[in-house]
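Remarks on the overall topology
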Amino acid sequence: MNINKLPALRPVLIGLLGSAGAAGLVHADPLLLNRQLALGIDATGIVGTYKVDGPIDKHNEFFQSLGTNGRSCSTCHLADQAMSFTPAHAQLLYAETRGADPLFASVDGANCPEVAAKNRAGHSLLLNNGLIRIPMAVPPNAQYSISVVHDPYGCALRIDPGTKVLTASVYRRPLPTANVSFLSAVMFDGRETLQPLSSEATFEANLRTDLVHQALDATLNHAQASVTPSDAQLNSIVDFELALFAGQIWDNQAGLLGDGGASGGPINLSGELYYPGINDTLGADPNGIAFNPVSMTLYSAWENAGAARRADYRPNARAEIAAGEKLFNSAPMTISNVRGLNDNAALNKPTTFAGTCATCHDTPNIGHHSLPLPLDIGVGHTSNPSFEPDPIVVAAVKQLSEPDLPVFLISGCPNPFNAGQAESFYTTDPGKALFSGNCADFNRVKGPILRGLAARAPYFHNGAAANLRELVNFYNQRFQMSLSEQQKTELVAFLNSL
């Protein structure tokens, strides 16, 4: 949706909210008029992207083409889609432009780089799952060997004609360019985290350094720039990103998500306390504060909402969201065979242990891990039992709408859960190991910030969960949660409210 047209959403909002709900939006009206709050309609309500320091200015370099293929940052990061983009957006754009829009540039907008713009089938991963191809050079000193056993598009692993380096193609969702002031790692595999984001004393300076480098790499690679952007241009992009906060602002069933004592929505999000290590699961909070599994408290005021019966109120839906939040904080999981946790010395390398959603999503009311902790929860595995030995992972991945991705065979690594044993395993995305070259990093990717989920399906780094119900079904199976159908509904309602 064109940001210039976002003020036109106000009549739509009033029609959705009714007079009482519209009155509740009075505080946001100046922000709408000032174009400081951009709104977009999604499947369950309305998402808001809030810029804390002034209007969303389309003259910013974020919206300018600094490369040779017509792309800008805003090609893949849209305010009405929580600063990412959806397959539905891509499909509409492809139909309107017959594949000529810069989003479909063959460098990474197609399944393989030689695919022509008019070859719709050759853009299936972007169109169906919102995936961008990420060509990754295999580190020459990697501790492992890599081969491909399933190559549906013909470019999974080959010598790059330009660099002459062995390169693997993996396919990932674009992470939102909002809420970046909370990051503990930049990119799914952390490859743009040049300076660590683990100390409050250096956090702001290091985050800027990392984001500037990410903007540089995106311009040179995704936008195929022939001229290196200036420091002023890169810092303008980063200034814009650091000021953005995205989150669901309105739920079609529950109404305003900041009403009735709740603190949902992007404006409230912009004021959330954050520092590296806050509420760290592994006990590394720099202030010595013990981990609190109640990491989400946005809707605690709605816990008894179902008892209310007012005509302008949505009590049952609000109570459902609050119940889902309680499940997020407390529903037990059995955590096993997770690289980054079950092989973690800080946890004494437990074979299994009990946890909750907050074990990995510990940052209060934000939802990622407040220190770098990339994990392999099994999403990058395959449901083919010939390739995956863990039956729990097989059953979990079968809950998803897996795209047809290349499958790689990784050889020469030790088994992280059985010391002294070698292991060969299969993966659709080696994760951080494809960047670091280390066996210990295989399949490990960061858990992204959870805010604005409703506007940016599909989910997981590879777009394997078509919706939040599939995502919850995956977790329920993968970690033996034994959720009832009602509990799944409540948890989905909560996740949609973020």
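Below, the structure is looked at part by part. Residue positions are counted from 1 within each chain, in the order its sequence is given. Reporting in this predicted model follows two pLDDT cut-offs: at least 70 for local features of residues, and 80 or more for side-chain atom pairs to be given and counted; totals over whole chains, interfaces and linings ignore these cut-offs and use all residues. Heavy atoms throughout the structure, all of them, feed into the side-chain values; hydrogens and water do not.

1. Some remarks on the sheet that holds strand 7 (residues 244-251)
As a reminder of what qualifies: Should DSSP find at least two bridges between two strands, the strands are taken to pair. A run of H or I in DSSP counts as a helix once it spans at least four residues, and a run of E counts as a strand once it spans at least two, with each numbered from the N terminus.
Strands sit in the order 1-2-7-8 across an open sheet of four strands; the sheet is antiparallel. Looking at which strands have only one partner, the edges of the open sheet turn out to be strand 1 (37-42) and strand 8 (255-256). Judged from the two bridges that link them, strand 7 and strand 8 form a sheet pairing that is antiparallel. Its bridge partner being in strand 8, D251 is matched across the sheet by G255.

2. Considering the state of the cysteines
Basically, it comes down to this: The rule for a disulfide is simple: a pair of cysteine sulfur atoms within 2.5 Å. The cut-offs for exposure are 20% and 50% of the maximum accessible area for each residue type, with area from a 1.4 Å probe on protein chains only; residues under the lower value are buried, those over the upper are exposed, and the others partly exposed.
Enumeration over the complete set of coordinates arrives at two disulfides. In this model C112 forms its disulfide with C155; the gap between the sulfur atoms is 2.0 Å. One disulfide, between C112 and C155, carries an S-S torsion of -90° and so falls in the left-handed class. Within this pair, whereas C112 is found in the loop between helix 3 (87-97) and helix 4 (124-129), its partner C155 is found in the loop between strand 4 (145-150) and strand 5 (157-159), the two being separated by 43 residues in sequence. This pair shows no difference in class: C112 is buried, exactly as C155 is. Two residues, C413 and C439, share a disulfide whose sulfurs are 2.0 Å apart. Its torsion about the S-S bond being -80°, the disulfide of C413 and C439 is classed as left-handed.

3. Quick notes on the environment of A105
In plain terms, the rule: Here a residue-residue contact requires only that any non-hydrogen atoms of the pair lie within 4.5 Å.
Structurally, A105 can be placed in the loop between helix 3 and helix 4. With 118 residues separating them in the primary sequence, A105 and A223 have C-alpha atoms 8.7 Å apart. With residues up to four places along the chain from it excluded, the contact list for A105 reads N69, R71 and A110.

4. A few points about helix 13 (residues 485-496)
Which entries qualify depends on this criterion: In this analysis, the expected span of each helix is defined as 1.5 Å times one less than the number of residues it contains.
Over its twelve residues, helix 13 extends 16 Å from the first C-alpha to the last, a length consistent with the 16 Å expected when each residue adds 1.5 Å. All of the buried residues in helix 13 are K488, E490, L491, V492, A493, F494, L495 and N496.

5. A look at the layout of surface pockets
Here is the rule we go by: Using a 1 Å grid laid over the protein atoms alone, points where a 1.4 Å probe fits but cannot get out form a cavity; open sets with protein on both sides within 12 Å along at least 5 of 7 lines form a pocket; any residue with an atom within 4 Å of a point counts as lining. Grid points are joined across faces, edges and corners, and a volume is the space filled by probe spheres set on the points. Think of it as three bins: nonpolar holds Ala, Val, Leu, Ile, Met, Phe, Trp, Tyr, Cys and Pro, charged holds Asp, Glu, Lys and Arg, and polar takes everything else, Gly as well.
Here the largest pocket is characterised by a volume of approximately 690 Å³. Along its surface, the largest pocket is lined by 26 residues, and I134, P135, M136, T167 and N221 are the ones closest to its centre. Those elements giving two or more residues to the lining of the largest pocket turn out to be strand 3 (132-137), strand 6 (166-172) and helix 5 (203-221). The residue inventory of the lining of the largest pocket, partitioned by class, reads eleven nonpolar, eight polar and seven charged. Reported here for the second largest pocket is a volume of approximately 400 Å³. What lines the second largest pocket is a set of 23 residues, and nearest its centre among them are I41, D42, T86, A88 and A455. Contributions of two or more residues to the lining of the second largest pocket are made by strand 1, helix 3, helix 12 (468-478) and helix 13. The element best represented in the lining of the second largest pocket is helix 3, accounting for five residues. Here the lining of the second largest pocket is composed, by residue class, of twelve nonpolar, six polar and five charged.

6. Thoughts on the sheet that holds strand 6
In plain terms, the rule: The angle between two axes is taken between their N-to-C directions and runs from 0 to 180 degrees, where each axis is a line fitted to C-alpha atoms and a helix contributes only its stretch in contact.
Strand order in the open sheet made by the three strands is 3-6-5, with antiparallel pairing throughout. Edge positions in the sheet fall to strand 3 and strand 5, since each of these pairs with one other strand and no more. Within this sheet the neighbouring strands show an average axis-to-axis angle of 35°, counted without direction.

7. Considering the pairing of strand 2 (residues 45-51)
Most of strand 2 sits inside the fold, with seven of its seven residues counted as buried. Looking at chain direction, strand 1 and strand 2 are connected through six bridges and run antiparallel. Directly across from A38, in strand 2, lies its bridge partner T49. Count of turn residues in the strand 1/strand 2 antiparallel hairpin: two residues. Where strand 2 and strand 7 come together, seven bridges link them in antiparallel fashion. Note on strand 7: the bridge partner recorded for K51 is L244.

8. Thoughts on empty space enclosed by the protein
Over the atoms, a rolled probe matching the size of one water molecule traces out where space is still vacant. Applying the stated criterion across every chain, the model contains five cavities of 30 Å³ or more. Taken as a whole, the second largest cavity encloses approximately 700 Å³ of empty space. H361, G447, P448, F460 and Y475 are the residues nearest the centre of the second largest cavity, which is lined by 40 residues in total. Of the residues forming the lining of the second largest cavity, the biggest block, three residues, is contributed by helix 12. Partitioned by chemical class, the residues of the lining of the second largest cavity number 26 nonpolar, ten polar and four charged.

What is shown is where atoms sit, not what they do.
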